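An overview of the molecular structure
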Amino acid sequence: MTGYLVAIATLVGIRALLALGLNVQWGFTGLVNLGVVAFFGVGAYTAGLLAVAGVALPAAWAAAIVASALAGALLATVALRLREDYLAIVTLGFGEVLRLFLLNEAWLTRGANGITGIPRPLRSWFPAHYDLFYLGLVLGCVALIYLALERLRRSPFGRALRAIREDETVATVAGKNIVRFKVQAFVIGAAVAGLAGILFGHYLAYIEPNMFVPQETLFVWLALILGGSGNNRGAILGAVVLLGLLEGSRFAKDVIPFLTGVRLAAAQQMLVGLLLVVLMIKRPEGLLPERAP
Amino acid sequence: MAEPLLAVRDVVKRFGGVEALAGCSLDVAAGSITGLIGPNGAGKTTLFNVVSGLTAPEAGRIALGGARIDGRPGHAIARLGLARTFQIPRPLARMTVLENLLVYAPDQAGERLRGLVSRPKTIARQEASIRARANEILRFMELAPLASDPAGTLSGGQKKLLELARALMGDPRIILLDEPGAGVNPTLMRSLVARIRELHARGVTFLLIEHDMDLVTELCDPVIVLAEGRRLVEGPFAEVRRDPRVLEAYLGVPA
């Protein structure tokens with residue numbers, strides 16, 4: 001049971017990172033990123049492929065973060081030069097294109113077989129309780145990113161992002177180069193998602209393309225909206241509550257007689273949908289509403 | 001005659017088949033409060049949008065203090081010392097009144113990511129001086145008690161004051177005011193007029209769109225009448241109001 005809880009907490013931490021990254025993009029700046037999972041995937045795959053090829057982990061991880069940030073920079077630069085709603089479509093498309101790329105370009109990505117044997121960092125240092133160490137690593141990353149992003153939010157940079165979210169035209173008249181700010185915000189969010197991907201791949205030691213489906217992006221959005229867009233603590237809380245709910249409902253199948261595994265999966269989706277509807281009616285600002293710094 | 005602070009030459013702006021500005025030329029002299037009047041659809045707000053860089057003109061030249069600004073992005077024009085307000089106030093609703101002003105401060109080192117990491121002291125010092133300045137402006141505009149309220153909760157008139165307050169943060173050479181008096185109650189209006197006069201005395205130039213002719217009479221000299229995307233007449237308001245071409249433009253029939 002402890003092992004199960006540690007595993008869940010690790011996955012919650014990784015989701016919390018994704019929600020924190022999306023919060024920079026949507027919560028602070030108002031950018032719609034429907035391809036969160038793609039930057040997650042770029043991080044996981046870059047780190048995983050380099051690590052199994054024998055590259056030292058710090059170098060592989062740095063490369064993975066740079067790769068996700070670059071993907072973010074490229075996408076944002078192209079899409080933001082068009083109209084604002086294009087970013088949503090471009091990112092959504094990027095998510096699916098990436099998954100198909102991972103599936104079909106087997107020479108590079110090993111296709112549907114996925115990457116096996118991704119090394120687990122510092123495995124030999126912790127012969128016992130390795131999972132606890134890994135949970136500590138993930139939570140340490142969450143804490144570090146939280147502190148950094150909270151500082152960003154309170155800075156003049158964060159203030160400019162919120163101004164852009166509220167009214168782009170006013171931000172322009174105020175002398176802000178809104179394209180520059182948007183691209184930077186998008187890149188920061190993409191890099192954080194990349195970090196989450198790194199932690200995900202090295203935790204499971206195995207990744208394959210179908211782990212990176214659009215539904216993952218949806219869950220990150222749900223977590224952020226549930227917790228409170230614009231609020232970094234809200235992003236973390238949202239991830240905890242949402243995954244707690246999804247994982248907790250797993251046990252419902254032991255209690256409720258007619259609920260089989262398949263029915264449960266469907267019921268979970270309904271539960272999540274219902275949750276979102278109720279939330280939007282009763283508390284659209286989320287559990288922890290945004291507060292002025 | 002001295003070089004105008006703002007010079008607009010033969011500017012054309014089309015929306016589909018409509019020529020909102022049809023070769024518009026006008027000058028705003030440094031140190032003036034120039035009024036811009038004209039019937040609805042004359043192109044007044046379009047002129048503001050083109051001058052402030054929110055939309056690019058199809059043809060023509062615009063110069064601010066001798067430097068061409070037409071076709072440059074809005075944020076760059078703002079940094080050259082041109083500020084503007086909006087006819088319908090556009091507060092940054094979920095940010096506080098104070099933050100609304102802080103955003104308008106130019107050249108903030110803390111808005112650059114590299115600076116955030118490498119120059120925390122400079123940023124802290126700058127932030128303190130920006131806040132001091134914002135608070136000073138809020139007192140000047142009589143908005144100080146509302147500093148920490150979300151800007152979206154202000155009354156219509158207060159939002160108008162906030163528009164002007166924000167514009168002051170960048171120490172502009174010229175402020176384009178789009179109907180500052182519309183929807184403002186008489187008390188607030190007197191305060192607004194007093195503020196504009198005071199700023200004018202300190203050397204700020206104004207170009208002001210207004211439909212309230214009392215306000216125009218009181219503040220503006222000269223007055224430019226815009227009609228069908230062109231400058232129709234220019235002069236002191238007392239003369240302009242008697243000009244038959246102006247009456248025709250407003251009433252649509254030869255006077």
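Residues numbered from 1 in each chain as written. Chains lettered and ligands numbered in written order. Predicted model: local features only at pLDDT ≥ 70, side-chain atom pairs only at ≥ 80, totals over all residues. Heavy atoms only, no water.

Residues and elements named next belong to chain A. The contact between helix α1 (residues 2–28) and helix α6 (residues 130–154) brings their axes to 9 Å, and the two run at 15°. By the criterion of interaxial angle, the relationship of α1 to α6 is roughly parallel. You can see that α1 and α6 cross each other, and the crossing is left-handed. For the pair formed by α1 and α6, the contact residues are Val6, Ala9, Thr10, Gly13, Ile14, Leu17, Leu20, Val24 and Phe28 on the first element and Asp131, Leu132, Tyr134, Leu135, Val138, Cys141, Val142, Ile145, Tyr146, Leu149, Leu152 and Arg153 on the second. In terms of residue class, the contact of α1 with α6 is made up of 17 nonpolar, two polar and two charged. (Axes fitted to C-alpha atoms, helices over the stretch in contact; angles between N-to-C directions. Helix = DSSP H or I, 4+ residues; strand = E, 2+ residues; numbered from the N terminus. Parallel < 35°, antiparallel > 145°, perpendicular 65-115°, else oblique. Left-handed = near helix turned anticlockwise from the far one by under 90°. Contact = heavy atoms within 4.5 Å. Nonpolar A, V, L, I, M, F, W, Y, C, P; charged D, E, K, R; others polar.)

The subject of this paragraph is the pairing of strand β7 (residues 174–178) of chain B. Residue and element names in this part refer to chain B. Burial of β7 is extensive: five of the five residues sit out of reach of the surface. Side chains Ile174, Leu176 and Asp178 project from β7 onto one buried face, and the interleaved Ile175 and Leu177 project onto a second face that is buried too. When strand β6 (residues 82–84) meets β7, the two strands line up parallel, connected through three bridges. Looking at β7, one finds that leucine 82 is bridged to isoleucine 174. Bridging between β7 and strand β8 (residues 205–209) involves five bridges; their strand directions are parallel. Across the sheet, the residue bridging to isoleucine 174 is threonine 205, located in β8. With helix α7 (residues 186–201) bridging β7 and the parallel β8, this β-α-β connection has right-handed handedness. (Buried < 20%, exposed > 50% of the residue type's maximum accessible area, 1.4 Å probe, protein only. Pairing = 2+ DSSP bridges. Right-handed = clockwise from strand over helix to strand, strands pointing away.)

Once that is clear, we can look at the domain arrangement of chain B. Residue and element names in this part refer to chain B. For chain B, the domain assignment lists domain 1 (6–91 + 171–251) and domain 2 (93–153). Contact with domain 1, which involves seven residues of that partner, is made by seven residues of domain 2. Summing both sides of the interface, domain 1 and domain 2 together bury roughly 720 Å²; the carbon and sulfur share of this comes to 55%. Among the residues domain 1 hides against domain 2, the three largest losses belong to Pro91, Asp171 and Arg195. Together they make up 61% of the total. (Domains from an automatic or database assignment. Buried area = accessible area lost by both parts, 1.4 Å probe.)

What follows deals with a nonpolar patch on the surface. Residues Met1(A), Leu5(A) and Phe251(A) make up a contiguous nonpolar surface patch of roughly 340 Å² in combined accessible area. On the basis of relative accessibility, which here comes to 68%, the residue Met1(A) falls in the exposed class. (Patch = residues over 30% accessible without salt bridge, like charges linked within 9 Å, V, L, I, M, F, W, Y side chains within 5 Å. Areas by Shrake-Rupley, 256 points an atom, 1.4 Å probe, with all protein chains shown as cover. Salt bridge = Lys/Arg side-chain N within 4 Å of Asp/Glu carboxyl O.)

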